[in-house]
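Observations on the model geometry
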Amino acid sequence: MTDHFFRAAHAIISGGPNIKARLYSEGLHIWLIKVIFKECRRMHEEEQQESSMDHSFGTLLRSYVELLCLLLTGSGVESLKLKAARDHILVPLLQSTIFLKRVLLRRTRAVEASRCSLERLLRRVSAKDPLMLMRAAVQSLDAIEDLNTKAHIVSVILDVLNPEQKEEEDFHIQIEKDPAQEDFLQGRMTGNPYKVAVLSTDAGLGPLMRDIKNKICRDTEMIALLEDDNGMESSHCLESTLQLLVNNQIISLALPVRAVYDKLWKKTNPGQPMVIVYRMRGLLGDAVETFVSTLGEAEGGMESCIIALNFMKS
């Protein structure tokens, strides 16, 4: 019955610009974003209670997302519709994206496809008025206490406000376990080298180093170490049990993967996959390597964003 409904809805929305305009005027986009938001929130809450993997998880959400994107795409007045829809969909769209970013253990292909589609729609909706996105972010930050979720909100904001980053070249990473801990760490990253692309279909390759750490935990079945850092990492407090090293330096999990590649790897290893070594903290004694918590200009965008958010709150 559900499949029949979505096929019929898809056929109706695809009927032409006049039909789209009528459905839009009737508020179909508002109904869809409300349903999508509720579904994203439900999925996020379910993951906190269950660890089993259901490969159909997220298929209903993907169907709703496809309808919303279809409704807001392909019309001669597309830009006008997006502008008019911002007041109704921007906040739930941002929060829905954040909920999906927090789905880790049960991130199926359907969940990842929905996340990518919602992020693209978020960029389109906010492209002409980033200040409105900032206001939506402030509302979301005020309503959320979890530090990791707040970090994801800032990450999405930077993603939208710096579209030029999307035009940069793709690159590859090579994820290896520390040879000295070979006997202690289970599993192995079998997909090397991994391609880091703008719209990668492989969940866990960014935007932050923390996402790569969590991918390692999932792929090597070290589930207990997922997000064990709790967002409390700093230059003086290395809370993450699993450390990531690039060029023999311990990398803050809060840093963007692309910034690490650009600042610490690309210049000295042009064209080569960035080698990321993972190891258990303190397993063979205290770390002696340098801990990298900032990357100069790479941190500037984050600081500017936080300053802007604080200014808008005041």
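The name recorded for the chain in an unreviewed UniProt entry is E3 ubiquitin ligase UBR4 C-terminal domain-containing protein, from Strongylus vulgaris.

Here we look at the overall build of the chain
Helix and strand counts for the chain stand at 11 helices and 6 strands. Long-range pairs, those at least 24 residues apart, make up 73% of the contacts in the chain with a sequence separation of at least 6. On the chain, roughly 15700 Å² of surface is accessible, and the fraction owed to carbon and sulfur atoms is 52%.

Here's the deal with the sheet that holds strand E4 (residues 249-251)
Where strands meet in a sheet, backbone hydrogen bonds hold them as pairs that are either parallel or antiparallel. Read from one edge to the other, the open sheet built from 6 strands follows the order E2-E1-E5-E3-E4-E6, with strand pairing classed as mixed. Looking at strand neighbours, the two that pair on one side only are strand E2 (194-196) and strand E6 (291-292), the edges of this open sheet. In this structure, strand E3 (residues 242-246) lies alongside strand E5 (residues 274-280), joined through 4 bridges in antiparallel fashion. Bridge pairing in E5 places leucine 244 opposite tyrosine 278. Against the sheet, helix H10 (residues 257-265) touches strand E1 (171-177), E2, E3, E4, E5 and E6, its axis set at about 110 degrees to E5.

Some thoughts on the pairing of E5
Direction of pairing for E1 relative to E5: parallel, over a ladder of 5 bridges. Paired with isoleucine 173 across the two strands is methionine 274, which belongs to E5.

Digging into the environment of threonine 59
If you trace the backbone, threonine 59 turns up in helix H4 (residues 59-71). By relative accessible area, threonine 59 is classed as partly exposed at 33%. Counting along the chain gives 49 residues from threonine 59 to threonine 108, while the straight-line C-alpha distance between them is 8.9 Å.

Some remarks on the packing of helix H3 (residues 28-49) against H4
Interaxial distance between H3 and H4 falls to 10 Å at its minimum, and their mutual angle equals 150 degrees. Classified by the angle between their axes, H3 and H4 sit roughly antiparallel to one another. Where H3 crosses over H4, the handedness of that crossing is left-handed. In this structure, H3 contributes Leu28, His29, Trp31, Leu32, Ile33, Val35, Ile36, Glu39, Cys40 and Met43 to the contact, and H4 contributes Leu60, Leu61, Tyr64, Val65, Leu67, Leu68 and Leu71. Grouping the amino acids of the contact of H3 with H4 by side-chain chemistry returns 15 nonpolar, 1 polar and 1 charged.

Overview of H10
An α-helical turn contains 3.6 residues, so any two residues separated by three or four positions project in the same direction. Where burial is concerned, most of H10 is hidden: 7 out of the 9 residues are buried. Where H10 is concerned, the buried positions are Val257, Arg258, Ala259, Val260, Tyr261, Leu264 and Trp265.

Considerations on the packing of aromatic side chains
Within the structure shown, the criterion is met by 5 aromatic pairs. Aromatic side chains phenylalanine 5 and phenylalanine 6 sit 5.1 Å apart centroid to centroid with 70 degrees between the ring planes, which places their arrangement in the edge-to-face category. Residue classification places phenylalanine 5 among the partly exposed residues on the basis of a relative accessible area of 44%. Residue classification places phenylalanine 6 among the buried residues on the basis of a relative accessible area of 10%. Judged by centre distance (5.8 Å) and plane angle (50 degrees), the ring pair of phenylalanine 37 and phenylalanine 99 falls under tilted. Residue phenylalanine 37 is found in helix H3, and its partner phenylalanine 99 is found in helix H5 (residues 78-101); the two are separated by 62 residues along the sequence. Look at phenylalanine 99 and you get buried, because its relative accessible area is 18%. Taken together, Phe5, Phe6, Trp31 and Tyr64 form an aromatic cluster joined through their ring pairs.

Re the environment of histidine 44
Relative to the assigned elements, histidine 44 resides in helix H3. Each C-alpha atom of the pair histidine 44 and arginine 106 lies 9.3 Å from the other, and the pair is 62 residues apart in sequence. Excluding residues that lie within four positions of it along the chain, histidine 44 makes contacts with Phe99, Arg102 and Val103.

Topic: a nonpolar patch on the surface
A cluster of nonpolar side chains, namely Phe184, Leu283 and Leu284, defines an oily patch on the protein surface of about 300 Å² accessible area. Topologically, leucine 283 is positioned in the loop between E5 and E6.

Regarding the pattern of salt bridges
Under the counting rule described, the total for this entry stands at 11 salt bridges. Between lysine 195 and aspartate 170 there is a salt bridge, with its nearest N and O atoms 3.7 Å apart. In this pair, lysine 195 is assigned in strand E2 and aspartate 170 in the loop between helix H8 (147-161) and E1, connecting sequence segments 25 residues apart. With a relative accessible area of 45%, lysine 195 lands in the partly exposed category. Three or more residues joined by partner-sharing salt bridges are found here, namely Lys101, Glu112, Arg115 and Glu119.

Conventions used here
- Residues numbered from 1 in each chain as written.
- Predicted model: local features only at pLDDT ≥ 70, side-chain atom pairs only at ≥ 80, totals over all residues.
- Heavy atoms only, no water.
- Helix = DSSP H or I, 4+ residues; strand = E, 2+ residues; numbered from the N terminus.
- Contact = heavy atoms within 4.5 Å.
- Areas by Shrake-Rupley, 256 points an atom, 1.4 Å probe, with all protein chains shown as cover.
- Pairing = 2+ DSSP bridges.
- Axes fitted to C-alpha atoms, helices over the stretch in contact; angles between N-to-C directions.
- Buried < 20%, exposed > 50% of the residue type's maximum accessible area, 1.4 Å probe, protein only.
- Parallel < 35°, antiparallel > 145°, perpendicular 65-115°, else oblique.
- Left-handed = near helix turned anticlockwise from the far one by under 90°.
- Nonpolar A, V, L, I, M, F, W, Y, C, P; charged D, E, K, R; others polar.
- Phe/Tyr/Trp six-rings, centres within 6.5 Å; stacked < 30°, edge-to-face > 60°.
- Patch = residues over 30% accessible without salt bridge, like charges linked within 9 Å, V, L, I, M, F, W, Y side chains within 5 Å.
- Salt bridge = Lys/Arg side-chain N within 4 Å of Asp/Glu carboxyl O.

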